[in-house]
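Reading the structure
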Amino acid sequence: MKMIYDLIIIGAGPAGLSSGIYAARRELQTLIIEKGLPGGQMLLTSDIQNYPGFSKISGNELAERMESQAKEFGVEIANVEATKLDIKGNMKDVTTYEGEYEGKSIVLATGSSYKKLGVKGEREFTGRGVSYCATCDAPFFKGKIVAVIGGGNSAVSSALYLSEIAEKVYLIHRREQLRAEEARQKELKEKGVKLILNSTVEEILGENLVNSIKIKDTKNETKKIDVDGVFISIGTVPNSGLAKEAGVDLDEKGFIKINKNQETNIEGVFAAGDVTGGVMQISTAIGEGCIAALSAYEYVKKPYWENLQKG
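Just so we're clear, the structure is a prediction, and the values are computed from it rather than from any experiment. (Residues numbered from 1 in each chain as written. Predicted model: local features only at pLDDT ≥ 70, side-chain atom pairs only at ≥ 80, totals over all residues. Heavy atoms only, no water.)

Hydrogen bonds along the backbone pair up the strands of a sheet, which may run parallel or antiparallel. Taken in spatial order, the four strands line up as β1-β7-β6-β5 in an open sheet, and their pairing is mixed. For this open sheet the edge positions go to β1 (4–5) and β5 (82–86), each flanked by a neighbour on one side alone. Pairing geometry for β5 and strand β6 (residues 92–96), over four bridges, is antiparallel. Pairing of Lys84 across the sheet is with Thr95, part of β6. (Pairing = 2+ DSSP bridges. Helix = DSSP H or I, 4+ residues; strand = E, 2+ residues; numbered from the N terminus.)

So this is what it looks like as structure tokens:
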């Protein structure tokens, strides 16, 4: 007999784990479905300095703490990939490679994926010098020369992390100024990271492995820089394909549309975290996960105060 859950959460990043914690504390029978390791993109961050309560904590440790807390409250976590959603009826069906799950409500917390540069050599050298995760691949570049592409907090964090391992780090950004927090930008100077602004990468070059990049500045002048590795950190795109196929409304950029209660256009279906756009920070995802869980609780349990508020 198929078990019916009060709430099924797709994704175990900070939004999904937060939803699980708040839902379980409201005594909802809760299942989180996650195809990878719990933690989402937190796992790719070596040094988190802006999460309240911790002056510094690794993404891996924070993810482990959240996962442990969710399980302590009774949240089940299934390590499977959701492949199809049937969510327009009163019951929400989730199909995976290992079977089907049924819930009274759904929270979509599927996160986002790395954007690609789309230049020649990027696909050919992915895994052979091109990376999207500094914390994952930095050890391969000990004592070598690397370039980080991007200008936001993620790019700057990657450059700072790599500066502890690589011999030399370039940070290449297409604009005149970085978007990253000023405090992090000051660290770049302290760590000796070389900034190349107003420039774009035109091509990634190499033989078996990356050995150089071709860049062009705003004056259309090109030059080649010798590097052993290229770390691309130019943002993310929402993982909203599953939601779109199920009839959930998306905005023009592919993010799931929600209201202030994290409700989508489908009754009983909520969304939280990076897949909804907005400010993509761990604390934001956790807040949205909390709201989504409490909204799901009101949808499933219909407590007396909900009727009072409507009246």
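One can find Lys92 in strand β6. Among buried Asp, Glu, Lys and Arg side chains, Lys92 stands out as unpaired, with Glu267 the closest opposite charge at 6.8 Å. In this structure the side chain of Lys92 is engaged in a polar contact, spanning 2.7 Å, whose partner is the backbone oxygen of Glu267. (Buried < 20%, exposed > 50% of the residue type's maximum accessible area, 1.4 Å probe, protein only. Lys, Arg positive; Asp, Glu negative; His and termini not counted. Salt bridge = Lys/Arg side-chain N within 4 Å of Asp/Glu carboxyl O. Polar contact = N/O pair within 3.5 Å; in protein donor to acceptor, adjacent residues only side chain to side chain.)

What follows deals with the packing of aromatic side chains. For the structure on display, the rule yields four aromatic pairs. Measuring from ring centre to ring centre gives 6.2 Å for Tyr114 and Tyr132, while their planes differ by 20°; the resulting arrangement is stacked. Of this pair, Tyr114 sits in strand β9 (residues 112–114) while Tyr132 is found in the loop between β10 (130–131) and α3 (134–137), placing the two residues 18 residues apart along the sequence. Each ring, one from Phe141 and one from Phe231, has its centre 5.3 Å from the other, and the planes form 75°; the classification is edge-to-face. (Phe/Tyr/Trp six-rings, centres within 6.5 Å; stacked < 30°, edge-to-face > 60°.)

This next bit is on the pattern of salt bridges. One pass over the structure, following the stated rule, counts seven salt bridges. With a shortest N-O distance of 3.0 Å, Lys71 and Glu67 are connected by a salt bridge. Taken together, the residues span about one helical turn, with Lys71 and Glu67 both in helix α2 (residues 59–72) at a distance of four residues. Assessed through its relative accessible area of 46%, Lys71 is described here as partly exposed. Ionic pairing is found between Glu164 and Lys191, a salt bridge with its closest N-O pair at 2.5 Å. Of the two residues, Glu164 is situated in the loop between α4 (153–163) and β12 (168–172) and Lys191 in helix α5 (residues 182–191); the sequence distance between them amounts to 27 residues.

This part covers a positive patch on the surface. Where like charges cluster on the molecular surface, the positive patch consists of Lys115, Arg174, Arg175, Arg179 and Lys253. Along the polypeptide, Lys115 turns up in the loop between β9 and β10. Taking the relative accessible area as the measure of exposure, Lys115 reaches 35% and is therefore partly exposed. (Patch = residues over 30% accessible without salt bridge, like charges linked within 9 Å, V, L, I, M, F, W, Y side chains within 5 Å. Areas by Shrake-Rupley, 256 points an atom, 1.4 Å probe, with all protein chains shown as cover. Charge placed at Lys NZ, Arg CZ, Asp CG, Glu CD.)

On to the environment of Glu164, then. On the basis of relative accessible area, Glu164 is assigned to the exposed category, the value being 53%. Measuring from C-alpha to C-alpha, the distance between Glu164 and Lys191 comes to 8.1 Å, with 27 residues separating the pair along the chain. A polar contact is formed between the side chain of Glu164 and the side chain of Lys191, at a distance of 2.5 Å.

Here we come to the nonpolar core. Counting 32 residues, the largest nonpolar core has Leu7, Tyr51, Leu62, Met66, Val107 and Ile282 as its most contacted members. Listed by contribution, the elements that provide at least two residues to this core are β2 (7–10), α1 (14–25), α2 and α7 (282–301). The biggest single contributor to this core is α7, with nine residues. Grouped together as the second largest cluster of nonpolar side chains are 23 residues, Ile8, Ile87, Ile106 and Ala246 included. (Core = buried A, V, L, I, M, F, W, Y, C linked by side-chain atoms within 4.5 Å.)

The five strands are arranged β4-β3-β2-β8-β19 in an open sheet whose pairing can be described as parallel. Unpaired on one side and paired on the other, β4 (76–78) and β19 (269–271) mark the two borders of the sheet. Strand after strand, the sheet turns through a mean of 20° between neighbouring axes, direction not considered. Bridge count between β2 and strand β3 (residues 30–33): four bridges; the pairing is parallel. Paired with Leu7 across the bridge in β3 is Thr30. Strands β2, β3, β4 and β8 (106–108) of the sheet are contacted by α1, whose axis makes an angle of about 170° with β3. (Axes fitted to C-alpha atoms, helices over the stretch in contact; angles between N-to-C directions. Contact = heavy atoms within 4.5 Å.)

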